[in-house]
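What follows is each chain in one-letter form.
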Amino acid sequence: MNPKSNPLPSKSPPEFANPDSPSLLAPDEPPLRVMALRALYYCERLFYLEEVEGIYVANDHVYAGRTLHEEVVALDDETPERRSVEVSSQYWGLYGKVDAVRRRDGKWVVYEHKKGRCYRDQNNKPQPWPSDRIQAIAYAVLLEETLGEPVPQARIRYHADNVTAFVTIDEEAKNELRQALQRAFRLRRSCQRPPVTENERLCPHCSLNVVCLPEEERLRTHSTTSPPRLFPGHRDRETIHIVTPRANVGRSGDSLIVRTEEEKTKIPIHQVDSLVLHGFVQISTQALHLCASKEIPVFWISAGGKFIAGLTSSPGRVQQRIRQYQALTDPQTQLRLSRKLVLAKIETQLRYLLRATRKEPDLRNHVDQHIQRIRECLNKATSAPSIDSLRGLEGMAAKAYFASLPFLLKGKTADEFRPNGRNKRPPKDRFNCLLGFGYALLQSLVLRSILAVGLEPALGFYHRPRSSAHPLVLDLMELFRTSIWEIPLLGSINRCYWDPQEDFQITKEHVWLSDSGRKKAITLFEQRLQESYFHPYLSRSLSYARIVELEVRLLEKEWTGCPDVFATMRIR
Ligand code: SF4
């Protein structure tokens, strides 16, 4: 018999579970994991993010803990004990898996293994941390109920300093557990995220700090707090674009295999941030399963550069979406966020034109009337009374802005690249073809950032749900069109980066990018995402790829207790 999975014999009735008392759970509530109590004691917000919103991120501490448990189980293979014992209780509303239970002096004892150090009391005696203690108590009472006999003690082995701390399982301990569960169930029924913990020292070790952004919230309420550092400034994985026609993406183990007529490339899945398939690239069901299991989104973009679809295994974060729905269906919130969005967009366009013409008075003269028009729109937008009026002002500013862009192309620029107004679906000139292709890449980036945060992309606040594109994606794209694509695009044309013949496919009806043109556009876009930019709210630089995700997280804070942090970034 395999001791690792051997359950202990159950002796009913569970007299240790107060059978006369009703369950702590409401009839329709699911039981709680014992591990959730550790999170509750560590930080109530962490508990809420994991148990209510279903957000789990395993960081190095979590991985190290898992490895330790596997090693401990392997090392102890000869001792008379039961390991990985599954226990649960209807009364307590709890379930979990005890590391080990052993017979000591005729009684069963719960053993838990921890990688770190213990807490020391004033006599330097090893004591369990509160979060470890509550976990050990929970396992002990569940074991009592399973066995129908007392489990008077739990022991916690701290491997970093090689000591064992003891927990007595008495009425006081059980009351502590009862109170913790009442608090946990109350939090689980709430629609409000608890505030960030006051103990700032916990956050750097928290697995969800990049989701929670505690420093950003503290920065808002305590102006003396030092600039946030927890949100990573750069991506640690890559977006893989497959552009070769008739390429095929398959799977081998935990890697994606990309086959073209010329070569076969193996890409370990842990290096992949998302997969973008351009044109008629094929992908196997097995490769899709691998991406779905690792929560790696897959996007399809047409050969003509139109965003077609995205596939993602989004976790069901019901509470998070209920809050988004409540916020974004409120007309006041819609108007407030729309105004912030439109102001950010118009001001970015204005700043770009001013910056590009600062040292060239003749050029400034050419675009001056457009600049004045944009300024007027910006002033009016600050007090626009409705979303419709904001849309009108944004449209007027965009017209003036696009009318200015041809003047920013240098004299040596080939005539083929000079746009003839803004046109799309399909683009009629090279400039508009390039604009549209970059926007499609931006759309996939914004969509995957929204899904990574857990928001519903179909529920926006500014764009009307008219096309197949998700309104929230269209909303957030407005923040980045100029900074992530239009600025590097104009720079590339001025550097003669594009070949007017080789990089384009031209028919009477439309202009598309050729294979070489697509590869160049993707390179330009991805290079831009690696560039860092100073984010005023964080007071530090982040890559553009991270800034997009940060803005989605800051948007969510607008309705989770930390308003006025969204859309503050402007180009200088
Ligand atoms: S980052 Fe800090 S405040 Fe946020 S969940 Fe973790 S411990 Fe709590």
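All values reported here derive from a predicted model rather than from experimental measurement. (Residues numbered from 1 in each chain as written. Predicted model: local features only at pLDDT ≥ 70, side-chain atom pairs only at ≥ 80, totals over all residues. Heavy atoms only, no water.)

### Brief notes about the packing of aromatic side chains
Under the definition given, this model contains nine aromatic pairs. Plain terms: the ring middles of Trp-498 and Phe-504 are 6.5 Å apart, the flat faces sit at 55 degrees to each other, and that makes the pair tilted. Across the pair, exposure class does not vary: Trp-498 and Phe-504 are buried alike. By the ring-pair criterion, three or more aromatic residues cluster together here, those being Phe-417, Tyr-497, Trp-498 and Phe-504. (Phe/Tyr/Trp six-rings, centres within 6.5 Å; stacked < 30°, edge-to-face > 60°. Buried < 20%, exposed > 50% of the residue type's maximum accessible area, 1.4 Å probe, protein only.)

### Describing the packing of helix 2 (residues 44-51) against helix 5 (residues 171-189)
Across the interface, helix 2 lies against helix 5 with an axial gap of 10 Å and an inter-helix angle of 55 degrees. Here helix 5 runs oblique to helix 2, going by the angle between their axes. Here the hand of the crossing between helix 2 and helix 5 comes out right-handed. For the pair formed by helix 2 and helix 5, the contact residues are Glu-44, Phe-47 and Tyr-48 on the first element and Arg-183, Ala-184, Leu-187 and Arg-188 on the second. A class-by-class count of the residues in the contact of helix 2 with helix 5 yields four nonpolar, no polar and three charged. (Axes fitted to C-alpha atoms, helices over the stretch in contact; angles between N-to-C directions. Helix = DSSP H or I, 4+ residues; strand = E, 2+ residues; numbered from the N terminus. Parallel < 35°, antiparallel > 145°, perpendicular 65-115°, else oblique. Left-handed = near helix turned anticlockwise from the far one by under 90°. Contact = heavy atoms within 4.5 Å. Nonpolar A, V, L, I, M, F, W, Y, C, P; charged D, E, K, R; others polar.)

### Some thoughts on the site of the ligand
The environment of the ligand is formed by Tyr-42, Cys-43, Leu-46, Val-196, Thr-197, Cys-203, Cys-206, Asn-209, Cys-212 and Pro-214. Of all the cavities here, the one that holds the ligand is the largest cavity. Here the shell around the ligand is built from residues that sort into eight nonpolar, two polar and no charged. (Near = heavy atom within 4 Å. 1 Å grid on protein atoms, 1.4 Å probe; cavity = no way out; pocket = protein on both sides within 12 Å on 5 of 7 lines; lining within 4 Å. Sits in = over half its atoms within 2 Å of the grid points.)

### Observations regarding the confidence of the model for the protein chain
One rule of thumb: low pLDDT means the predicted coordinates there are not for detailed reading. Averaged over all residues, the pLDDT of the protein chain equals 83, while 86% of them reach at least 70. Every residue in residues 9-16 scores below 50 in pLDDT, and together they form 15 contacts with partners more than four places removed in sequence or on other chains. (pLDDT = per-residue confidence, 0-100.)

### Digging into the environment of Ile-487
The residue Ile-487 is located in helix 15 (residues 481-494) in this model. Separated by 138 residues in the primary sequence, Ile-487 and Gln-349 have C-alpha atoms spaced 9.9 Å apart. Beyond its immediate sequence surroundings of up to four residues, Ile-487 is in contact with Tyr-352, Arg-355, Thr-482, Arg-528 and Ile-571.

### Things to note about empty space enclosed by the protein
In this approach a probe as big as a water molecule rolls over the atoms, and the regions it shows empty are the leftover space. Applying the stated criterion across every chain yields a total of two cavities of 30 Å³ or more. The calculated volume of the largest cavity comes to roughly 100 Å³. Along the wall of the largest cavity there are 14 residues; nearest its centre are Cys-43, Thr-197, Cys-203, Cys-206 and Cys-212. Contributing elements (two or more residues each) for the lining of the largest cavity: helix 2, helix 6 (209-212) and helix 7 (214-221). Quantified by volume, the second largest cavity comes out at close to 70 Å³. As for the second largest cavity, its lining consists of Ala-344, Thr-348, Leu-479, Phe-480, Ser-483, Glu-551, Ala-567, Met-569, Arg-570 and Ile-571. Residues of the lining of the second largest cavity, tallied by class, amount to six nonpolar, two polar and two charged. (Points joined across faces, edges and corners; volume = space filled by probe spheres on them.)

### What to know about the nonpolar core
For soluble globular proteins, the rule of thumb is that nonpolar side chains tend to be buried together. One finds Phe-461, Leu-476, Ile-484, Trp-498 and Phe-566 to be the most contacted residues of the largest nonpolar core, which totals 97 residues. There are two domains that each give this core at least three residues, and those are domain 2 (238-311) and domain 3 (336-353 + 361-406). Ignoring anything within four residues of it in the chain, the contact list for Phe-566 reads Leu-337, Lys-340, Leu-341, Phe-461, Leu-476, Leu-479, Glu-551, Leu-554, Leu-555 and Glu-558. Ala-140, Ala-154, Ile-156 and Leu-177 belong to the second-largest nonpolar core, a separate cluster that totals 53 residues. (Core = buried A, V, L, I, M, F, W, Y, C linked by side-chain atoms within 4.5 Å. Domains from an automatic or database assignment.)

### Re the pattern of salt bridges
Where side chains of opposite charge bring their charged atoms close, a pairing between them can arise. The full count for this structure, using the stated rule, is 29 salt bridges. Salt-bridge contacts for Glu-44 lead to Arg-183; the nearest nitrogen and oxygen are separated by 2.7 Å. Separated by 139 residues along the polypeptide, Glu-44 in helix 2 and Arg-183 in helix 5 bring together distant segments of the chain. Residue class for Glu-44 comes out partly exposed when judged on its relative accessible area of 28%. For Glu-549, the salt bridge identified is with Arg-546, shortest N-O distance 3.0 Å. In this pair, Glu-549 and Arg-546 are both assigned in helix 17 (residues 544-557), three residues apart and thus about one turn of the helix distant. For Glu-549, a relative accessible area of 13% gives the class buried. Look at Arg-546 and you get buried, because its relative accessible area is 11%. (Salt bridge = Lys/Arg side-chain N within 4 Å of Asp/Glu carboxyl O.)

### Some points on a positive patch on the surface
Taken together, Arg-355, Arg-358, Lys-359 and Arg-572 make up a surface patch of like positive charges. Within the secondary structure, Arg-358 sits in the loop between helix 10 (331-357) and helix 11 (361-381). When its relative accessible area of 55% is taken as the criterion, Arg-358 is described as exposed. (Patch = residues over 30% accessible without salt bridge, like charges linked within 9 Å, V, L, I, M, F, W, Y side chains within 5 Å. Areas by Shrake-Rupley, 256 points an atom, 1.4 Å probe, with all protein chains shown as cover. Lys, Arg positive; Asp, Glu negative; His and termini not counted. Charge placed at Lys NZ, Arg CZ, Asp CG, Glu CD.)

### Considerations on the sheet that holds strand 13 (residues 272-278)
Spatially, four strands are ordered 9-13-15-16 in an open sheet, and the strand pairing comes out mixed. The two strands at the open ends of the sheet, each matched to only one other strand, are strand 9 (238-242) and strand 16 (307-311). Strand-to-strand twist of the sheet, defined as the mean angle between neighbouring strand axes without regard to direction, takes the value 20 degrees. Sheet topology note: the strand 15 (residues 298-301)/strand 16 ladder contains four bridges and is antiparallel. When the bridges of strand 16 are listed, Ile-301 appears paired with Phe-307. (Pairing = 2+ DSSP bridges.)

### Let's talk about the side chain of Ser-89
By secondary structure assignment, the location of Ser-89 is in strand 2 (residues 81-89). Relative accessible area serves as the criterion here: at 5%, Ser-89 is assigned to the buried category. Among the polar contacts made by the side chain of Ser-89, one reaches the main-chain amide nitrogen of Tyr-91 at a distance of 3.2 Å. Ignoring any residue separated from it by four or fewer positions in sequence, one finds Ser-89 in contact with Leu-94, Leu-142 and Glu-145. (Polar contact = N/O pair within 3.5 Å; in protein donor to acceptor, adjacent residues only side chain to side chain.)

### Some words on the sheet that holds strand 12 (residues 264-268)
The strand order across the open sheet built from four strands is 12-11-10-14, with neighbouring strands paired in mixed fashion. Two strands in the sheet have a free side with no partner beyond their single neighbour: strand 12 and strand 14 (282-283). In this fold helix 8 (residues 285-293) packs onto strand 10 (248-252), strand 11 (255-259) and strand 14, with an angle of close to 65 degrees to the strand it touches most, strand 10.

### Looking at the environment of Gly-279
With respect to the helices, strands and loops of the structure, Gly-279 is situated in the loop between strand 13 and strand 14. Along the chain, Gly-279 and Ile-242 lie 37 residues apart, while their C-alpha atoms are 8.8 Å from each other. Those residues in contact with Gly-279 that lie beyond four places of it in its chain are Ile-301, Ser-302 and Ala-303.

### Here's the deal with the environment of Leu-459
Looking at where Leu-459 falls in the secondary structure, it is placed in the loop between helix 13 (430-453) and helix 14 (471-477). Here Leu-459 falls in the partly exposed class, since its relative accessible area comes to 21%. Separated by 138 residues in sequence, Leu-459 and Arg-321 have C-alpha atoms that sit 9.3 Å apart. The contact partners of Leu-459, leaving out residues within four places of it in the chain, are Gln-324, Tyr-325, Leu-328 and Leu-472.

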